[in-house]
Amino acid sequence: MAEMVKLATRESFGQAVTELAEQYPQVVVLDADLAAATKTGIFKKAYPDRFIDCGIAECNMVGIAAGLATCGKIPFAASFAMFTAGRAFEQVRNSVGYPHLNVKLVGSHAGISVGEDGATHQCCEDLALMRTIPGMVILNPADHYEMKAAVKAAIEYEGPVYLRLGRLAVESFNNGDDYSFEIGKGITLRQGDDITIVATGLMVSETIKAADALAEEGIHARVINIHTVKPLDEEIILKAAKETGKIITVEEHNVIGGLGEAVAAVLSEKCPTPLVRMGVQDVFGYSGPAKDLLKEFGLCAENIAAVTKKALGK
Amino acid sequence: MNSCEKKSLQLTACKVRMNVIEGVYHAKSGHPGGSLSAADIYTYLYFRELRVNPEKPQDPDRDRFVLSKGHTCPGLYGVLAEKGYFSREEMKGLRHIGSMLQGHPNMQDTPGVDMSSGSLGQGISAACGMALAAKLDQKDFRVYTLLGDGELEEGQVWEAAMFAGHKKLDNLCVIVDNNGLQIDGPISEVGGPEPIDEKFRAFGFDVQMVDGHDFEALEAAFAHAKAVEGKPSVIIAKTVKGKGVSFMENQVGWHGTAPNAEQYETAMAELKQALAGLEAE
Ligand SMILES: Cc1ncc(C[n+]2csc(CCOP(=O)(O)OP(=O)(O)O)c2C)c(N)n1
Ligand SMILES: [Mg+2]
């Protein structure tokens with residue numbers, strides 16, 4: 001088993017794109033004055049000639065990336081999720097999505113775990129926005145090893161990808177040695193037939209902790225990691241619905257428009273199943289230490305366990 | 001440019017204008033005004049300036065053209081048809097279901113279209129990205145992009161202009177179709193993007209002002225732009241919106257309105273007469 005590492009997925013992203021740069025000479029990286037935060041700075045240091053600082057102009061950055069892609073480059077355009085997906089939404093939609101260009105959009109500091117910066121920077125809408133763009137692939141890796149594999153998969157996939165990065169360090173739980181990543185394929189991390197918890201991104205490790213604690217109490221929750229929010233692995237969700245009869249979704253995102261609604265749509269059309277959507281309940285965030293905020297919003301192992309028990313009537 | 005070459009360009013521009021009228025008439029919608037004001041620019045670009053080959057629309061070394069003011073694609077389609085990217089007959093399918101000619105340019109559908117556009121302000125950014133790609137790969141292709149003067153009111157235009165100036169993209173040539181009109185009226189009344197030349201100069205551009213209907217002036221301007229080193233170029237082309245169809249000239253109302261059957265006949269008759277006049281010269 002590869003060693004456990006505790007790293008923010010933004011750090012893993014910065015490492016991965018730098019490590020893969022030699023193998024993929026078409027890769028270039030763009031940033032909008034946040035290289036130190038999005039960790040594209042790692043790439044900038046190693047490959048200054050392939051790094052393009054666009055200044056604080058995210059809409060233009062997305063357009064630059066689109067133009068580069070038409071000429072055969074594989075651009076990663078990075079900023080905070082709020083600005084990549086939010087500020088530049090229409091540029092992403094019209095200059096990247098519509099012509100289906102090979103641009104990798106990177107949204108760092110997603111969700112409320114941004115922490116102290118508060119609501120203006122806590123993007124809980126990016127998954128919703130990106131999901132509405134036809135042909136957009138949305139990756140939300142959960143740990144160091146998954147992020148590294150996701151970056152490689154994004155490079156090898158031809159077409160637009162939105163890659164969500166977190167600010168907060170997270171303990172790895174995947175085995176880096178034999179971890180295999182396939183776009184659009186969910187991963188069952190814990191077996192169980194009492195209920196299924198479907199999680200994405202930062203919430204996956206919290207969900208594993210919750211499931212392990214529940215197991216000690218004799219409650220066997222299946223845990224599914226959805227690293228690809230779009231296209232959604234419907235098969236794994238429908239199977240879980242049929243076999244466990246109850247589903248909980250957990251995401252660091254507004255419950256409107258994200259994983260929870262994506263799962264709800266699949267279930268209600270194909271296999272109506274009781275569902276609880278955990279996430280940010282259609283409110284803005286606020287300032288505070290990330291860990292404390294996650295607790296406040298109920299996005300922690302303890303609350304996931306509590307909600308699970310409640311769903312089971314225990 | 002000798003008189004024979006000039007006449008040939010004038011003839012082509014006239015056919016491009018006929019294609020525009022043909023297209024918007026059959027579509028019963030579309031944007032004739034800005035297509036006609038830019039018809040001479042399109043013609044100059046595709047018949048004198050761009051190193052492109054309709055047989056190889058994806059050639060990685062070709063010059064690029066991004067129509068940032070995507071709504072005037074009837075003019076772009078009109079010139080692409082004349083250049084041989086597709087048949088003139090396609091013009092009649094403009095904006096119809098299943099047509100390769102979408103209401104705004106779609107690079108996936110139309111041979112010769114280098115970038116999808118239509119949301120104003122975005123094309124110039126993509127053009128900067130292409131120019132940067134050439135620099136990164138040490139290729140010598142050049143990138144041209146056409147903007148409307150109303151479009152200059154979009155903030156993204158100036159983000160891109162700052163980028164182009166800062167990165168010294170001397171392989172980028174921006175052209176502004178300075179027809180003085182946007183949808184709601186004259187640009188000086190609606191959004192006030194003027195002075196255009198001073199703004200681009202402040203963003204680090206080489207700036208030229210030309211008569212956008214004078215092929216000799218355009219030739220000199222594009223030759224100068226090509227020779228500029230260390231900074232991007234802008235050619236501010238003074239034009240007449242609706243140029244070539246008398247009742248459309250300088251009329252705000254012809255920005256995005258299609259002619260009815262009678263107006264279509266009149267416009268085509270005028271253009272045919274102009275063509276015959278040129279041929280008889
Ligand atoms: C972002 C955006 N906002 C609004 C429009 C609607 N629109 C289409 S054309 C136009 C006016 C453009 O004027 P100008 O740039 O001067 O073009 P031209 O005169 O050459 O037709 C507007 C507002 C648009 N296409 N994109
Ligand atoms: Mg105008």
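Remember, predicted model here, so these are calculated numbers, not experimental data.

S.K.: Mind showing me how you'd approach the layout of surface pockets here?
M.R.: The gaps of empty space that remain are located by a probe, the size of a water molecule, rolled over the atoms. When its volume is computed, the largest pocket comes out at roughly 440 Å³. Listed by contribution, the elements that provide at least two residues to the lining of the largest pocket are α4 (58-70) of chain A together with α5 (123-136) of chain B. Here the residues of the lining of the largest pocket sort into ten nonpolar, seven polar and seven charged.

S.K.: Would you explain the pairing of strand β14 (residues 275-280) of chain A in this entry?
M.R.: Residues and elements named next belong to chain A. Pairing of strand β13 (residues 247-254) with β14, which is carried by five bridges, proceeds in the parallel orientation. Within the sheet, the bridge partner assigned to N254 lies in β14 and is V280. After leaving β13, the chain enters helix α11 (residues 259-270) and then returns to the sheet as β14, a path that is right-handed.

S.K.: What is the right way to read helix α1 (residues 9-19) of chain A from this model?
M.R.: An α-helical turn contains 3.6 residues, so a residue and the one three or four places further along point in the same direction. Most of α1(A) is tucked away: eight of the eleven residues are buried. By the burial criterion, the buried members of α1(A) are T9(A), R10(A), S12(A), F13(A), G14(A), A16(A), V17(A) and T18(A).

S.K.: What is the right way to look at the site of ligand 1 in this model?
M.R.: Residues and elements named next belong to chain B. Residues in close proximity to ligand 1 total 18 residues, the closest being K69, H71, D149, G150 and K241. One of the backbone nitrogen or oxygen atoms of G118 is found 2.9 Å away from a nitrogen atom of ligand 1. Its free accessible area being 590 Å², ligand 1 has 77% of it covered by the protein chains. Looking at the shell around ligand 1 residue by residue, the classes come out as three nonpolar, ten polar and five charged.

S.K.: What am I meant to see in the interface of chain A and chain B here?
M.R.: Many analyses report the size of an interface as the accessible area lost when the parts associate. Contact with chain A, which involves 25 residues of that partner, is made by 26 residues of chain B. Carbon and sulfur atoms make up 58% of the area that chain A and chain B hide from each other, which totals about 1,900 Å². Of all residues in chain A, N60(A), C71(A) and Y98(A) give up the largest surface area on contact with chain B, accounting jointly for 27% of the area buried on that side. Remark: the boundary between chain A and chain B carries one salt bridge. Residue D137(B) pairs with K73(A) through a salt bridge whose shortest N-O separation is 2.5 Å. Viewed at the interface, chain B and chain A are joined by eleven residue pairs in polar contact (both at pLDDT 80 or more).

S.K.: Is there a simple way to think about the coordination of the magnesium ion (ligand 2) in this case?
M.R.: Note on metal geometry: ideal angles are 109.5 degrees for four donors arranged tetrahedrally and 90 or 180 degrees for six donors arranged octahedrally. Residue and element names in this part refer to chain B. Note on the magnesium ion (ligand 2): its protein donors are D149 (OD), N179 (OD1) and L181 (O). The metal-donor distances range over 2.1 to 2.2 Å. Taken in chain order, the donor set of the magnesium ion (ligand 2) reads D-x29-N-x1-L. With D149 in the loop between β2 (143-148) and α6 (155-166) and N179 in the loop between β3 (172-178) and α7 (187-190), the pair connects residues that are 30 residues apart, well separated along the chain. Here D149 matches N179 in class, with each residue buried.

S.K.: So what exactly am I meant to see when it comes to helix α10 (residues 234-244) of chain A here?
M.R.: Residue and element names in this part refer to chain A. Restricting attention to buried positions, one finds in α10 the residues I236, I237, L238, A240, A241 and T244. Tucked inside the fold, the buried residues of α10 contact β9 (187-190), β10 (195-199), β11 (221-225), β13 and α11. The opening residue of α10 is D233, an N-cap whose side-chain oxygen sits 3.3 Å from the backbone nitrogen of E235. In the segment just after α10, G245 is the residue with positive phi, at about 75 degrees.

Definitions and cut-offs
- Residues numbered from 1 in each chain as written.
- Chains lettered and ligands numbered in written order.
- Predicted model: local features only at pLDDT ≥ 70, side-chain atom pairs only at ≥ 80, totals over all residues.
- Heavy atoms only, no water.
- 1 Å grid on protein atoms, 1.4 Å probe; cavity = no way out; pocket = protein on both sides within 12 Å on 5 of 7 lines; lining within 4 Å.
- Points joined across faces, edges and corners; volume = space filled by probe spheres on them.
- Helix = DSSP H or I, 4+ residues; strand = E, 2+ residues; numbered from the N terminus.
- Nonpolar A, V, L, I, M, F, W, Y, C, P; charged D, E, K, R; others polar.
- Pairing = 2+ DSSP bridges.
- Right-handed = clockwise from strand over helix to strand, strands pointing away.
- Buried < 20%, exposed > 50% of the residue type's maximum accessible area, 1.4 Å probe, protein only.
- Near = heavy atom within 4 Å.
- Polar contact = N/O pair within 3.5 Å; in protein donor to acceptor, adjacent residues only side chain to side chain.
- Areas by Shrake-Rupley, 256 points an atom, 1.4 Å probe, with all protein chains shown as cover.
- Contact = heavy atoms within 4.5 Å.
- Buried area = accessible area lost by both parts, 1.4 Å probe.
- Salt bridge = Lys/Arg side-chain N within 4 Å of Asp/Glu carboxyl O.
- Donors = N, O, S within 2.8 Å, 3.2 Å for Na, K, Ca; no water.

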